[in-house]
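What the coordinates show
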Amino acid sequence: MGTREEAKHMIVVTGATGGLGGATVEHLLERMPADQIGVSVRDATKARHFTDRGVRVRQGSYEDPAALRDSFADAEQVLLVSGNDPAADMAGLHRNAVEAAVEAGARRILYTSQHAAVPGNPYRPSDIHTATEAILAESGVAWTALRNGAYGPLDQVLGPWQQTGEIAQPADGPTPYTDRDDVAEATAALLARGHSLDGAVTLTAPTAVTFDDLAKIASELTGRTVKRIVVDDEQWVADQIAIGVPEQAARLMLTWYQAARAGYFAEAGPLLAELLGREPRTAADRLAAHLAT
Ligand SMILES: NC(=O)c1ccc[n+]([C@@H]2O[C@H](COP(=O)([O-])OP(=O)(O)OC[C@H]3O[C@@H](n4cnc5c(N)ncnc54)[C@H](OP(=O)(O)O)[C@@H]3O)[C@@H](O)[C@H]2O)c1
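Reference entry: report on the structure contained in this document.

Each value, and the rule that gives it
- Residues numbered from 1 in each chain as written.
- Predicted model: local features only at pLDDT ≥ 70, side-chain atom pairs only at ≥ 80, totals over all residues.
- Heavy atoms only, no water.
- Helix = DSSP H or I, 4+ residues; strand = E, 2+ residues; numbered from the N terminus.
- Rg over C-alpha atoms; globule rule 2.2 N^0.38 Å.
- Buried < 20%, exposed > 50% of the residue type's maximum accessible area, 1.4 Å probe, protein only.
- Contact = heavy atoms within 4.5 Å.
- Areas by Shrake-Rupley, 256 points an atom, 1.4 Å probe, with all protein chains shown as cover.
- Lys, Arg positive; Asp, Glu negative; His and termini not counted.
- Charge placed at Lys NZ, Arg CZ, Asp CG, Glu CD.
- Near = heavy atom within 4 Å.
- Polar contact = N/O pair within 3.5 Å; in protein donor to acceptor, adjacent residues only side chain to side chain.
- Nonpolar A, V, L, I, M, F, W, Y, C, P; charged D, E, K, R; others polar.
- Expected span 1.5 Å × (residues − 1).
- Pairing = 2+ DSSP bridges.
- Right-handed = clockwise from strand over helix to strand, strands pointing away.

Another point: the overall build of the chain. Looking only at helices and strands, the chain features 14 helices and nine strands. In terms of overall size, the chain behaves like a compact globule, its C-alpha atoms giving a radius of gyration of 20 Å where 293 residues would be expected to give roughly 19 Å. Burial analysis of the chain (293 residues in total) assigns 49% to the buried set. Taking as baseline every contact in the chain between residues at least 6 positions apart, the subset at least 24 positions apart corresponds to 75%. Carbon together with sulfur atoms contributes 50% to the accessible area of the chain, which is approximately 13,100 Å² in total. Separation between the mean location of the 26 positive side-chain charges and that of the 39 negative ones in the chain comes to 2 Å.

Below is the structure:
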């Protein structure tokens, strides 16, 4: 067995200088030797902590197919972390990455998609994810789309409830708020076990909750009454603009509430718990952890 043979079993992770990709590499390092792990990052100087631990660090950005091919060399599996630039043609950039992975000889591409990334979902990034899943389906290699549950900071969707005692946000709907590190750990488990799942799979916390539920949970955790107040959509956008949020960003976020209230995020899945071998962190756990910081 030469080193070349071993190198072919590499796992290469993009977006490893970001939250989800970085945490996934950390969990991979707990499961396999560092010399079987590579990262493809826009700025290699931000990945010195990985270089120091024996991870192969190569420069790659979704705008640069040649650099991507080089950074994906010897990869058996590539984890493609979705980009998040609202001004870019993200699906086109993801296409560059998928094509580079195929040309570099990867046998499977895993992609960080989004819970309920289905046609018709009003949450705008869904279009990028459904387009990228279609690109993967046409790529000719095995692929897995990890439809990750909402793991952004809870304050981002609940607003400044700790200061106001109110969750005063647009009408919402049941959502399995998910912990990003749980998603990273499950992704690493999937990558490390070497045989994967085909097509789109859902990685969410097991229970969907509403803002009414979260107001009750927040009340219990804080010992004071946290009220849920439904704010009219246009009033909410105007309020956001008044506190300095660009209108485009507020309207993008509004599409998330619209998707939630239309029930797009209502269905939670059991796979995250299965991959973790334990119960994923719940919204209540995340709120409690947030209050403890
Ligand atoms: N499920 C959810 O709730 C949820 C929430 C937020 C975001 N997301 C999606 O999931 C992705 C990962 O989430 P995250 O929390 O890890 O976000 P993040 O910390 O912003 O990480 C995004 C990563 O993508 C990299 N990237 C962006 N554009 C790129 C490009 N053109 N070429 C190469 N790399 C590029 C970034 O590189 P740099 O480090 O160089 O900036 C960064 O490492 C996000 O980008 C977004 O698409 C999902």
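Right, let's get into the site of the ligand. Near the ligand there are 19 residues, and of these Thr-17, Leu-20, Ser-82, Tyr-151 and Arg-180 occur at the shortest range. Contact distances for the ligand include 2.6 Å between an oxygen atom and a side-chain N or O atom of Thr-17. Between an oxygen atom of the ligand and a main-chain N or O atom of Gly-19, the distance comes to 2.9 Å. The protein chains hide 79% of the 880 Å² of surface that the ligand would expose on its own. Broken down by class, the residue content of the shell around the ligand amounts to five nonpolar, eleven polar and three charged.

What follows covers helix 12 (residues 247-261). Given 3.6 residues per helical turn, the α-helix brings residues three or four places apart onto the same face. A rise of 1.5 Å per residue sets the reference length of helix 12, with its 15 residues, at 21 Å; its end C-alpha atoms lie 21 Å apart and thus fit the reference within 8%. Of all the residues in helix 12, the buried ones are Ala-250, Met-253, Leu-254, Thr-255, Trp-256, Tyr-257, Ala-259 and Ala-260. In this fold, the buried residues of helix 12 make contact with helix 7 (154-158), strand 7 (166-169), helix 10 (211-222) and helix 11 (233-242). Once helix 12 finishes, Gly-263 follows within two positions and takes phi at roughly 90°, a positive value.

Before going further, it helps to examine the pairing of strand 5 (residues 108-114). Most of strand 5 sits inside the fold, with seven of its seven residues counted as buried. Along strand 5, one buried face is formed by Arg-108, Leu-110, Thr-112 and Gln-114 and the opposite face, lined by Ile-109, Tyr-111 and Ser-113, is buried too. With four bridges joining them, strand 4 (residues 75-80) and strand 5 adopt parallel strand pairing. Note that in strand 5 the partner of Gln-77 across the bridge is Arg-108. Running through helix 5 (residues 90-103), the crossover from strand 4 to the neighbouring parallel element strand 5 is right-handed. Examined bridge by bridge, strand 5 and strand 6 (residues 142-148) share seven bridges and lie parallel to one another. Its bridge partner being in strand 6, Leu-110 is matched across the sheet by Thr-144.

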